[in-house]
Amino acid sequence: MRMKRDYIRNKKPTTLPFDTRQLKTLDDEFWKKWAFYYLLDFYKNYDRNELKSIIEEETKKQYPRTEREIAKFLRLKLKANRQFGLNFSVKGEETNDEDVEGNYDITIHNTYWKSQDFYFECKNLDGSQDLINKYVCYNTYKKNKKNENIFDGGVLRYFNGKYAQNLVFGGMIGFLILGDKAEIKLNLLAKLNEKLTTSPDGDLIKINDNSIDGNSFTFDSVHRRLNDEFTLHHLLFDFSV
């Protein structure tokens, strides 16, 4: 069942110019607004029953990868959007190895964008502290060569030398499959206030709430990275209803 979710605010950005010389002069904020527009357009109009069926089939497997299947669903819907395809392309993970550097869940690209790529890491959320930790930072209890515990997590990957090293921004998309959206958001904010294992890289500077078109399921977290500021744009997509 395709349901238009009218509570989602999604203002169309300024029209893209036809002149390629002008396209090359547009800044990151312009391009990011268009990326957000198409992500919110997906969230506003996706077919709930279609996605629900995909999630249910995946959870029947011995080793379900629900997060990966939802990200794949999102990418396919973006690719099927003809307007999106006129100016952007999207790709995702190309290997099953989650430890491969640069294995982004969603990458939005435009040839004329100076930064060229907007990376998104996707994580499931169900109200549990375990998934909150995996969204941000958690102890894998694996050991490195120095016999130290290895930490991982969606947010951490932007600060441990793995993700978006040549950029000053990145994205996180939380797939809410269970739980209360407001409570999950509060728990995420609390976790983000904790020191990462990479301190001072990754330390939180501030939160900009409702940052994308005033939607309450969005926020930006601004962090320290390499003596500069790095912004993570968070979108929490509730697929539980």
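Residues numbered from 1 in each chain as written. Predicted model: local features only at pLDDT ≥ 70, side-chain atom pairs only at ≥ 80, totals over all residues. Heavy atoms only, no water.

Draft legend 1. A look at the pattern of salt bridges. Under the defined criterion, the tally for this structure stands at twelve salt bridges. Taking the shortest distance from any N to any O, the salt bridge between Glu121 and Arg157 comes out at 3.4 Å. Linking Glu121 in strand S3 (residues 117–125) with Arg157 in the loop between strand S5 (149–152) and strand S6 (169–176), this pair joins segments that are 36 residues apart in sequence. Owing to a relative accessible area of 2%, Glu121 belongs among the buried residues under this scheme. Each member of the salt-bridge network shares a partner with another, and the members are Glu121, Lys123, Asp152 and Arg157. (Salt bridge = Lys/Arg side-chain N within 4 Å of Asp/Glu carboxyl O. Helix = DSSP H or I, 4+ residues; strand = E, 2+ residues; numbered from the N terminus. Buried < 20%, exposed > 50% of the residue type's maximum accessible area, 1.4 Å probe, protein only.)

Draft legend 2. Fine view of the packing of aromatic side chains. Summed over all chains, the structure comprises 31 aromatic pairs. With 6.4 Å between their ring centres and 65° between their planes, Phe217 and Phe237 make a pair best called edge-to-face. Here the residue Phe217 occupies a position in the loop between strand S7 (204–209) and strand S8 (218–225), and Phe237 occupies one in strand S9 (residues 228–238), the gap between them amounting to 20 residues. In this pair, the class of Phe217 matches that of Phe237, namely buried. Against the face of Phe169 rests Lys32, its NZ or CZ located 4.5 Å from the ring centre. Here Lys134 stacks its cationic end above the ring of Tyr138, 5.8 Å away from the centre of that ring. (Phe/Tyr/Trp six-rings, centres within 6.5 Å; stacked < 30°, edge-to-face > 60°. Lys NZ or Arg CZ within 6 Å of the ring centre and 35° of its normal.)

Draft legend 3. Representation of the nonpolar core in the model. Core analysis: the biggest nonpolar cluster contains 65 residues, and Ile108, Ile173 and Phe237 have the highest contact counts within it. Looking at this core element by element, the count peaks at eleven residues for helix H2 (residues 28–45). Ignoring sequence-local partners within four residues, the contact set of Phe237 consists of Leu39, Leu40, Phe42, Tyr43, Leu74, Ile173, Gly174, Phe175, Leu176 and Phe217. (Core = buried A, V, L, I, M, F, W, Y, C linked by side-chain atoms within 4.5 Å. Contact = heavy atoms within 4.5 Å.)

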